[in-house]
Amino acid sequence: MKRLFLLFITVLFFTVYSCGPSIEGETKNWDRNIQQLEKMQKDYPAYADMIKAKIEEAEKINNKAKDISDEEEKAKKMREANNLLNSGCIGDLKNMNSKIDDVKEKKKELKKILKDKSKSDIKYAELIMDDSKSAIKKAEKVLNKKAENLDANPCLKIESAYKDLEAAYKDIEETISNFNDQDREKEEELNKEELSKDNDKKDEPKTVECPYCGKKNDAGRTECKYCGAPL
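Residues numbered from 1 in each chain as written. Predicted model: local features only at pLDDT ≥ 70, side-chain atom pairs only at ≥ 80, totals over all residues. Heavy atoms only, no water.

Time to look at the nonpolar core. Proteins that are soluble and globular tend to have nonpolar side chains buried together. Membership of the largest hydrophobic core comes to 38 residues, with the highest contact counts inside it found for Tyr47, Ile51, Leu93, Met96, Leu110 and Leu165. Where this core is concerned, the elements lending two or more residues are α2 (23-43), α3 (48-66), α4 (71-85), α5 (88-112), α6 (119-143) and α7 (154-203). Those residues in contact with Leu165, other than ones at most four positions away along the chain, are Met96, Lys99, Ile100, Val103, Ala135, Ile136 and Ala139. (Core = buried A, V, L, I, M, F, W, Y, C linked by side-chain atoms within 4.5 Å. Buried < 20%, exposed > 50% of the residue type's maximum accessible area, 1.4 Å probe, protein only. Helix = DSSP H or I, 4+ residues; strand = E, 2+ residues; numbered from the N terminus. Contact = heavy atoms within 4.5 Å.)

All right, on to the confidence of the model for the protein then. Residues at a pLDDT of 70 or more form 90% of the protein, whose mean pLDDT is 89. Note on residues 8-17: pLDDT under 50 across the span, and zero contacts to partners over four residues away in sequence or across chains. (pLDDT = per-residue confidence, 0-100.)

Where like charges cluster on the molecular surface, the positive patch consists of Lys111, Lys133, Lys137 and Lys141. Positionally, Lys111 belongs in helix α5. (Patch = residues over 30% accessible without salt bridge, like charges linked within 9 Å, V, L, I, M, F, W, Y side chains within 5 Å. Areas by Shrake-Rupley, 256 points an atom, 1.4 Å probe, with all protein chains shown as cover. Salt bridge = Lys/Arg side-chain N within 4 Å of Asp/Glu carboxyl O. Lys, Arg positive; Asp, Glu negative; His and termini not counted. Charge placed at Lys NZ, Arg CZ, Asp CG, Glu CD.)

An ideal rise of 1.5 Å per residue puts 30 Å on 21 residues; α2 measures up with 30 Å between its terminal C-alpha atoms. Within α2, the full set of buried residues consists of Glu26, Trp30, Asn33, Ile34, Leu37 and Met40. Along α2, the residues classed as buried sweep out an arc of 125 degrees about the axis, all on the same side. Counted as exposed and oriented over 90 degrees from the buried face of α2: Glu24, Lys28, Gln35, Lys39 and Lys42. Residues of α2 that are buried sit in contact with α3, α4 and α5. (Expected span 1.5 Å × (residues − 1). Arc of directions from axis to C-beta.)

See the structure below:
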């Protein structure tokens, strides 16, 4: 019993410890985030200055972490720097392409289940897909923006485009879920009808009593096999 208790405490300790940030893990995250943002500067030159400013802001926090001797506190400060690199409109810009792909995949999923739907359901689904098409177009326009055409606050456009993608994804997902619920309800109704028919068959009499001679005949006969009277 004592061994089991010690094992439980050990597992609990490592579970709690592993949930927190570590210097090694945050260092790897930092290197990966910086590489991604540097690539974004090349892919989206219009936003290069914004990305550079975000990196510089995060570097100040990350440099402060170097002066912290306590490892746990150091790791927390490093995580703060990493979180900053993924926050705000730069984080939205970073995830824009993957979110576009997610919406496109959801659209394909929705199209597949429209074959047996009613005209009204199809029309509704088409409206949802049209909205998602507009959201994708808006996001792609943001990604392909030229530096000279940027607004005074480009973050507003980035955040707006990303929110529209999230809304489009959610709308498609809910539509698919509603259609699946409808299909389950129909299937349940059919199963109930089949079960009811089976029960009715079970309740049907196997024999029929002749009203003239009183003898029993097999169910389904039209004439009594004993006296010939109609059943």
